Amino acid sequence: MIKSLTESVLMLIKKPQILIPGIIFLLTDFIFRYLTEESAIETMFKFFEFSSYPVFTLDKMPFYFLSSYSGEAIFLTLILGISSIIGLMFSVSIANYVFEKKSIINSVVFAVKNLMKITGFVLFFGLILLFSAAVLWIVMLFALAAGLIGITLLLLVILLMGFVLIHFAFVPALLGKGMKIKEAFKESWNFSSKNLMQLILLLIGITIINFILGQVYLQILNTSFGETDLMILVEMVFSLIILSYTNIVFPLFYLNTNK
């Protein structure tokens, strides 16, 4: 686990070309958000116009939003979906570079060629999240009616969903290895089950390192330099480093563990 965390840092230093996918896809996502952000914010504010809401019980809330804001919900889901696809292409390209050890440009091309597979994964995972949200809503209604027993059940369901989600942490990396979606889900589950404690420690390690980088960024932000227009560039650089590092760790950990 520690080996993978340190090797990821060394890879960023020794092979700075690994930042190229981040530059390409983060810039693509920035342009996309620049073109859609204003409309997305306007749409979001409609949900906060509480004065326009009729009086309804909690169990009817999802049905009210679906009937009254179906167009807005589809629009926001579409924006989130496209942004997720761009982000996953970033993850897949870096994983492919780590696994195949070829040209970084070839890895970017690999991600582009697998756009349909990546889109399929985002759609499938979106359905999983939608199903999870429906389950949480039902359990939450039960929790409100059943008191302490219901709240305990709600916490257990949340923990169970988190447990399942952790087992799918390697799916993007395995897509970069060339696996099909079903195969990647199965392999990620099996691999995570065998190395669950190491995976949890890995996630803690990634969180600590990203927290440290975030604190460095905040320190720069609090200086006089933080008041300049260059801070936009600094923010993008820190985002590039943090996201690239995170996406390097998972395929490296998979390779090191399977040696």
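Everything discussed here concerns the structure shown above.
The structure reproduced in this document is the subject of the present report.

Rules of the game
- Residues numbered from 1 in each chain as written.
- Predicted model: local features only at pLDDT ≥ 70, side-chain atom pairs only at ≥ 80, totals over all residues.
- Heavy atoms only, no water.
- Helix = DSSP H or I, 4+ residues; strand = E, 2+ residues; numbered from the N terminus.
- Contact = heavy atoms within 4.5 Å.
- Axes fitted to C-alpha atoms, helices over the stretch in contact; angles between N-to-C directions.
- Parallel < 35°, antiparallel > 145°, perpendicular 65-115°, else oblique.
- Nonpolar A, V, L, I, M, F, W, Y, C, P; charged D, E, K, R; others polar.
- Phe/Tyr/Trp six-rings, centres within 6.5 Å; stacked < 30°, edge-to-face > 60°.
- Buried < 20%, exposed > 50% of the residue type's maximum accessible area, 1.4 Å probe, protein only.
- Lys NZ or Arg CZ within 6 Å of the ring centre and 35° of its normal.
- Expected span 1.5 Å × (residues − 1).

1. Description of the overall build of the protein
Assigned secondary structure in the protein consists of eleven helices and zero strands. Along the protein, helices (α) and strands (β) appear in the sequence α-α-α-α-α-α-α-α-α-α-α when read from the amino end. A sequence separation of at least 24 residues applies to 73% of the contacts in the protein between residues at least 6 apart.

2. Some remarks on the packing of helix α7 (residues 148-167) against helix α9 (residues 181-194)
Running from amino to carboxyl end, α7 crosses α9 at an angle of 110°, the nearest separation of the two axes being 8 Å. Our classification of the angle between α7 and α9 gives roughly perpendicular. Residues Val164, Ile166 and His167 of α7 lie in contact with α9, whose contacting residues are Ser188, Trp189, Ser192 and Ser193. In the contact of α7 with α9, the residues fall into three nonpolar, four polar and no charged.

3. Re the packing of aromatic side chains
One pass over the full model with this rule turns up eleven aromatic pairs. Ring plane angle 25° and centroid distance 5.9 Å describe the contact between phenylalanine 170 and phenylalanine 253, whose orientation is recorded as stacked. Residue phenylalanine 170 is located in the loop between α7 and α8 (171-176), and its partner phenylalanine 253 is located in helix α11 (residues 231-257); the two are separated by 83 residues in the primary sequence. For the pair formed by phenylalanine 170 and phenylalanine 253, the shared burial category is buried. Residues phenylalanine 191 and phenylalanine 253 carry aromatic rings whose centres are separated by 5.9 Å and whose planes lie at 75° to one another, so their mutual orientation is edge-to-face. A residue pair is termed long-range when its members are at least 10 positions apart, and phenylalanine 191 in helix α9 and phenylalanine 253 in helix α11 qualify at 62 residues. Pair check on accessibility: phenylalanine 191 and phenylalanine 253 agree, each one buried. One aromatic cluster is present, built from ring pairs that chain together Phe99, Phe170, Phe191, Phe250, Phe253 and Tyr254. We note lysine 177 situated over the ring of phenylalanine 99; from NZ or CZ to the ring centre the distance is 5.7 Å.

4. Focus: helix α10 (residues 196-221)
Over its 26 residues, α10 runs 37 Å from end to end, which matches the ideal 38 Å to within 8%, given 1.5 Å per residue. Of all the residues in α10, the buried ones are Leu199, Leu202, Gly205, Ile206, Asn210 and Tyr217.

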